[in-house]
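For reference, the chains in residue letters:
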Amino acid sequence: MTTKKIGLIAGEGKMPVYIAQKAAANGYEVYVAGAKGNAKEEDFKSCSRVFQSFRLGQLGAGIRFFKEHGVTRVVMAGRVQHTSIFSNLMPDLRGAKFLASLKNMQTKNILSRVMDEFKKDGIEFENSALFLEDFMPQKGVLSVRTPTPEEEQAAAFGYKIAKAIAALDIGLTCVVSQNAVIAVEGMEGTDRCILRAGELYKTSADKKSAVAVVKVARPDQDSRFDLPVIGKGTVESLHQAGFGVLAFEAGKTLVLDLEEVIALADKYKVCLMAI
């Protein structure tokens, strides 16, 4: 009987842990290459065969790790803090050559090129939502609270703005008030973008207009990396900021702990909808 193996390049957060757990439950041996300072070995003890940490840029070492264990299929999941680029970047020889060959430092370009390097050694990348397809809701309102007409208008406007910034590889999230943009996501990530928008909104003159937080996938989203993800922390940030609508792109956004996220949205009277 052939042993099923899957490799996991893991950042922080629940998504890589859930993938490892689901893979193990489906009979796979899971080999985890954790991003140092982001993925924690203890989170994978019950669901991985081997865990090894790597600093960002150790491209050759990462490829050797998977080859030594006979892994030919890999999933990339989890956040890597942008500060890690400055504090944990320590490329090996192959990584240094790779970085020198890059024409730009956009996330999409870097990750696509990383996958090309792995492919040279016979390692293919799978959909980063592998085993988590049930966590991607289709179009509709998930919460008890439904949007007002003004909130629907704000969400529709926010969708266009979010798609525009996603196409420019700036971020995947924006916060809008009817036809005004309060904040767009940059390096700080979704939750901090929402909290920053909350502070800006508190100082604005018009606090009665409908506000929507909108998260989308890139227009040409590569399902192998950087899928949009929301979770309980997103709803908590929304509540802390004082906003009442969280809209996300249907069929393309992972909602981790889906039932708990819906329950939390209902607790805070947040409208949660896939658009």
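Residues numbered from 1 in each chain as written. Predicted model: local features only at pLDDT ≥ 70, side-chain atom pairs only at ≥ 80, totals over all residues. Heavy atoms only, no water.

**Student:** Mind showing me how you'd approach the pairing of strand β11 (residues 245–248) here?
**Tutor:** Note on strand geometry: in a regular strand, side chains alternate between the two faces of the sheet. Burial of β11 is two-sided: the residues V245 and A247 facing one way and the residues L246 and F248 facing the other way are all buried. Inspection of the sheet shows strand β9 (residues 211–215) paired to β11 by three bridges, in the parallel sense. Considered in β11, the bridge of K215 is made with F248. (Buried < 20%, exposed > 50% of the residue type's maximum accessible area, 1.4 Å probe, protein only. Helix = DSSP H or I, 4+ residues; strand = E, 2+ residues; numbered from the N terminus. Pairing = 2+ DSSP bridges.)

**Student:** So what exactly am I meant to see when it comes to the sheet that holds strand β1 (residues 4–10) here?
**Tutor:** Note on sheets: strands pair through backbone hydrogen bonds, and any given pair is parallel or antiparallel. The sheet built from five strands is open, its strands ordered β3-β2-β1-β4-β5 with parallel pairing. Two strands bound the open sheet, and with one partner strand each, they are β3 (50–54) and β5 (124–125). Where β1 and strand β2 (residues 28–35) come together, seven bridges link them in parallel fashion. Following the sheet pairing, I6 is matched in β2 by V30.

**Student:** What is the right way to look at the pattern of salt bridges in this model?
**Tutor:** Close approach of charged atoms allows side chains of opposite charge to pair. As enumerated under the stated definition, the model contains 15 salt bridges in all. Here E117 ties to K120 by a salt bridge, and the two come within 2.8 Å at their closest N and O atoms. On the criterion of helical spacing, the pair formed by E117 and K120 is a turn pair, its members being three residues apart in helix α5 (residues 107–120). Its salt-bridge partner being E188, residue R196 comes within 2.5 Å of it at the nearest N-O pair. Where salt bridges share partners, they join K67, R94, E117, K120 and D121 into one cluster. (Salt bridge = Lys/Arg side-chain N within 4 Å of Asp/Glu carboxyl O.)

**Student:** Looking at this structure, I do not really get unusual backbone geometry. What am I missing?
**Tutor:** Trans is the prevailing form of peptide bonds, just as negative phi is the prevailing case for residues other than glycine. With a phi angle near 60°, D169 is a residue other than glycine that sits in the positive phi range. Structurally, D169 is set in the loop between α6 (149–167) and β7 (173–177). On the basis of relative accessible area, D169 is assigned to the buried category, the value being 19%. Even without glycine at this site, D257 takes up a positive phi of about 55°. Tracing the backbone shows D257 in the loop between β12 (254–255) and α9 (258–267). When its relative accessible area of 13% is taken as the criterion, D257 is described as buried.

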